[in-house]
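Fold and geometry: a report
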Amino acid sequence: MAVELDVFVGNTTLIDKDVYRLWLDGYSVSDAVAMRIDSGILEQTGASPDVLESDTMDHYRTFQMLERLLHSPPKLINQLLFQTPPSMQSMLIEKYYTFDEPFVREVLGKKLSKGTKKDLDDVSAKTAITLKSCRRQFDNFKRVFKLVEEMKGPLVENIQQNFLLSDQLAGDYAAVVFFANNRFETGKKKLQNLTFEDFAHCAEQLIHNWTLGAVDSNVDDMDVDLDREFLQDLKDLKVLVSDKDLLDQHKSLVCTVLRGKVSVFNEMEANFKNLSRALINIAAKLIHTKDVRDFFIDLVEKFIEPCKSDRWSSNDVSLFLTQYTNAARALDAFKHQALWDRYMGTTKSCIMKMYHD
């Protein structure tokens, strides 16, 4: 008796997103199987534990073969061995390069070197992220950094073109690269309340306003290196605090506008000169590499903490910084308006992001 069979042969690579997540998180096959059993998959599918283990091992082997292509995402897009739809390829890349907030906060601003990699045992223990996952995330940071650090052109675009990441994730990697290149201090106790999102916002502001690329799109490392000429010129702002008449005029203009508008007017009036000196001195010292590294801790210690001790609200800080910036433009004897705006625009944006009520 003849039997007719419909046969379909395909070579589409099957990807289980949940198993991929377990693999990315650094779990062993046995741990992954246990977690899948706990999720109730055996009851849902009617599969046996042996079949589940075989399925998990199969996926892990596929991911391990895919990993070398994920190191250079355009290769994954252009290869023919693993037949996956474009949406699945994008998911594989995006998830592979996604990182954990607790992990990035531990390494942000540190040199992406073998020495830092040796400390990942401690990072893993502190964050409860598996060592394997920590190593993947660190290696991704280092891979992106090494490829784009010498490139001309906008940093985010270079990352997107070479790693095919979403706008958001490419921007986050730009922040990691920028902080690693300039070695900003982010690990001090007084900075622990700041999130990666806070620092990423500040990185974006610094890249767009204080780097060489902010003024010249044809220079090497345009979005990675700070504009040294700009940092050198910042010392010219010291006239705002060294010239007593200018300092008094500046204070008078700010206080006149803010009287009745801020809840801490008396404290602001009494502390104006100290706060102004703090902001100007931070600017004047940025020509030194160490002071660049300490930019965020200086903002916290010399401006944010004094305001918090006097119970300034975020709105008070915003009103003060806005008028403080605007008033300097009205000083006839002050001749560094463009320099002032470039410094204060970015500094205000960073302070407001860092000022947590």
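Conventions and cut-offs
- Residues numbered from 1 in each chain as written.
- Predicted model: local features only at pLDDT ≥ 70, side-chain atom pairs only at ≥ 80, totals over all residues.
- Heavy atoms only, no water.
- Salt bridge = Lys/Arg side-chain N within 4 Å of Asp/Glu carboxyl O.
- Helix = DSSP H or I, 4+ residues; strand = E, 2+ residues; numbered from the N terminus.
- Buried < 20%, exposed > 50% of the residue type's maximum accessible area, 1.4 Å probe, protein only.
- Expected span 1.5 Å × (residues − 1).
- Contact = heavy atoms within 4.5 Å.
- Core = buried A, V, L, I, M, F, W, Y, C linked by side-chain atoms within 4.5 Å.
- Phe/Tyr/Trp six-rings, centres within 6.5 Å; stacked < 30°, edge-to-face > 60°.
- Lys NZ or Arg CZ within 6 Å of the ring centre and 35° of its normal.

Focus on the pattern of salt bridges
All chains considered together, the criterion is met by 16 salt bridges. For Lys 285, the salt bridge is made with Asp 291, and the minimal N-O distance between the two is 3.6 Å. Sharing partners across several salt bridges, the network here consists of Asp 16, Arg 36 and Asp 55.

Notes on the environment of Gln 44
Residue placement: Gln 44 occurs in helix α3 (residues 41-45). On the basis of relative accessible area, Gln 44 is assigned to the exposed category, the value being 62%. Gln 44 sits 62 residues away from Glu 106 along the chain, and the two C-alpha atoms are 39 Å apart.

With respect to helix α4 (residues 49-70)
For α4, built from 22 residues, the straight-helix expectation of 32 Å at 1.5 Å per residue is met to within 8% by its first-to-last C-alpha distance of 30 Å. All of the buried residues along α4 are Leu 52, Thr 56, His 59, Tyr 60, Thr 62, Phe 63, Leu 66, Leu 69 and Leu 70. In this structure, the buried residues of α4 make contact with α1 (17-24), α2 (29-38), α3, α5 (73-78) and α6 (86-97).

Topic: the nonpolar core
Ranked by size, the top nonpolar core spans 110 residues in total, and within it Ile 159, Phe 296, Phe 303, Phe 320 and Tyr 343 carry the most contacts. It is helix α12 (residues 167-182) that contributes the most residues to this core, ten residues altogether. With residues near it in sequence (within four places) discarded, Ile 159 still touches Val 144, Val 148, Leu 164, Leu 165, Ala 170, Tyr 173 and Ala 174.

Let's talk about the packing of aromatic side chains
Summed over all chains, the structure comprises 30 aromatic pairs. Look at Phe 179 and Phe 184: their rings are 5.0 Å apart centre to centre, the planes differ by 55°, and that puts the pair in the tilted class. Note on accessibility: Phe 179 and Phe 184 belong to one class, buried. Centroid distance Phe 334 to Trp 340: 6.0 Å. Interplanar angle 90°. Geometry classified as edge-to-face. Like Trp 340, Phe 334 is buried. Each member of the aromatic cluster is reached from another via a ring pair, and the members are Tyr 20, Trp 23, Phe 63, Tyr 96, Tyr 97, Phe 99, Phe 103, Phe 141, Phe 163, Tyr 173 and Phe 196. Above the ring of Tyr 96, the side-chain terminus of Arg 136 is found at 5.7 Å from the ring centroid. In this structure, Arg 342 packs its charged tip against the face of Phe 230, placed 4.1 Å from the ring centre.

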